[in-house]
Amino acid sequence: MVDARKAVVLLSGGMDSCVSAAIAREDHGPANVAFLHAGYGQRTQDRERRAFGEIADFYKVAAHDRLVVHLDHFRVIGGSALTDESIAVPENDLNSAGTHGTSIPVTYVPFRNAHFLSVAVSWAEAIGAGAIYIGAVAEDSSGYPDCRPEYYQAFQEVVRVGTRPETKIEIVTPVITLKKSEIIRHGIALSAPLHLTWSCYQGQDLACGICDSCLLRLRAFAEAGIPDPIPYQRVASVRP
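Note that the structure is predicted; figures quoted are calculated from it, not measured.

Peer 1: If you had to explain the environment of arginine 234 to someone new, which residues and values would you point to?
Peer 2: Within the secondary structure layout, arginine 234 lies in the segment after helix 7 (212-224). The spatial distance from the C-alpha of arginine 234 to the C-alpha of arginine 219 is 14 Å, given a sequence separation of 15 residues. Contacts of arginine 234, omitting those with residues within four sequence positions, involve Glu91, Ala207, Cys208, Gly209 and Ile210.

Printed below as a string of C-alpha cells:
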C-alpha cells in the first residue's frame, strides 16, 4: 500500500540518495515526495547542486517541493578534506583506514548529517510531512560515524522529543544495510536515473576516478556487473 503522507528526501545528487528518492516515490507516490538539497561548502558543491536539479527535473518534482539550503559554516569549521582545501583528498587508497576500519577518514565532515536532518525535520514539520528519507549506508561506505543505524535510531528520539506533540516524523534509511552493488541493482530495478548522479569528491567537470568515493562507486558497478553510466577523467583498477 502507498503511504499517502508527504515524504522529504535528502537528495545530495549522489547514487545512494537518488535510489532512496526512487524508493520514497514507490512508498509514498510521486506526488507526495519533496526533495531537499544541502550545500555545505564542499569542493564539488556546484556539481552536486546540478545533479540535484537534474534528478528533480527527471522526476518532475514541482518547484514548491524543492528546497535548496546553504550550510556554508562547514567551510569555516573545517576539519574535513571535503570542505578544507588544505587537506588533501586521498587518491587510489580505497583500503585505507576508515573503510570497514576503526579510524575515521579525512573526508568525514564533523557531525554533518545532524545538520542535514535538522533542516529536513524543520521542513517536514512545517509542511506536515510524515517521513524523511536519507541515503546513509553503513557497511559499504567510507566509515563515517554518522552513517550508522544507531545514529539514526538516536536521532529519531530527538525528533520525537523536539517537535510538536502531534507531529509524527519517521526517519527512513532505506539503503543503510545494503552494499553499494545492491543499491545499484535496486536503482536499476526502479529505473532510477543513475546516469544523472554525482559521487566524486574533487571533480566538477569529469569525475576524477581515483578518490575514495569514485573508487567505491566503480567497485560497486563492477560487482553489480553493470557499466557505470558516467564518464571519468581516469579510472583506477578496482576489483569486484
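There is more to say after this.
Peer 1: Can you explain the pairing of strand 3 (residues 66-70)? Please cite residues and give values.
Peer 2: Relative to strand 3, strand 2 (residues 33-39) runs parallel, the two sharing five bridges. Pairing of histidine 37 across the sheet is with valine 68, part of strand 3.

Peer 1: Describe the sheet that holds strand 5 (residues 170-172), and please don't skip the residues or the numbers.
Peer 2: Pairing in this open sheet of five strands is parallel, and the strands run 3-2-1-4-5 from one edge to the other. Two strands bound the open sheet, and with one partner strand each, they are strand 3 and strand 5. Taking the axes of each pair of neighbouring strands and ignoring which way they run, one obtains an average angle of 20° across the sheet.

Peer 1: Describe the pattern of salt bridges, and please don't skip the residues or the numbers.
Peer 2: Counted according to the given criterion, the structure contains 10 salt bridges. The partner of aspartate 65 in a salt bridge is lysine 6, and the shortest N-O contact between them spans 2.9 Å. Residue aspartate 65 is located in the loop between helix 2 (45-58) and strand 3, and its partner lysine 6 is located in the segment before strand 1 (7-10); the two are separated by 59 residues in the primary sequence. A salt bridge links aspartate 228 to arginine 217, with the shortest nitrogen-to-oxygen separation between them at 2.9 Å. Pair noted here: aspartate 228 is in the segment after helix 7 and arginine 217 is in helix 7, with a separation of 11 residues, a long-range link. Considered together, aspartate 228 and arginine 217 belong to a single accessibility category, that of buried residues.

Peer 1: Please provide a residue-by-residue account of the confidence of the model for the protein, values included.
Peer 2: Should pLDDT be low for a region, the predicted coordinates there are not to be read in detail. In this model, the protein carries a mean pLDDT of 93, and residues with pLDDT of at least 70 account for 93%. Note on residues 97-101: pLDDT is under 50 here. Beyond four places in sequence and across chains, it has 12 contacts.

Peer 1: Which residues make up the side chain of aspartate 228, and what values do they have?
Peer 2: Its relative accessible area of 18% is what places aspartate 228 among the buried residues. At 2.5 Å, the side chain of aspartate 228 forms a polar contact with the side chain of tyrosine 232. Other than its neighbours up to four places away in sequence, aspartate 228 contacts Arg217, Leu218 and Phe221.

What counts, and where the lines are drawn
- Residues numbered from 1 in each chain as written.
- Predicted model: local features only at pLDDT ≥ 70, side-chain atom pairs only at ≥ 80, totals over all residues.
- Heavy atoms only, no water.
- Helix = DSSP H or I, 4+ residues; strand = E, 2+ residues; numbered from the N terminus.
- Contact = heavy atoms within 4.5 Å.
- Pairing = 2+ DSSP bridges.
- Axes fitted to C-alpha atoms, helices over the stretch in contact; angles between N-to-C directions.
- Salt bridge = Lys/Arg side-chain N within 4 Å of Asp/Glu carboxyl O.
- Buried < 20%, exposed > 50% of the residue type's maximum accessible area, 1.4 Å probe, protein only.
- pLDDT = per-residue confidence, 0-100.
- Polar contact = N/O pair within 3.5 Å; in protein donor to acceptor, adjacent residues only side chain to side chain.

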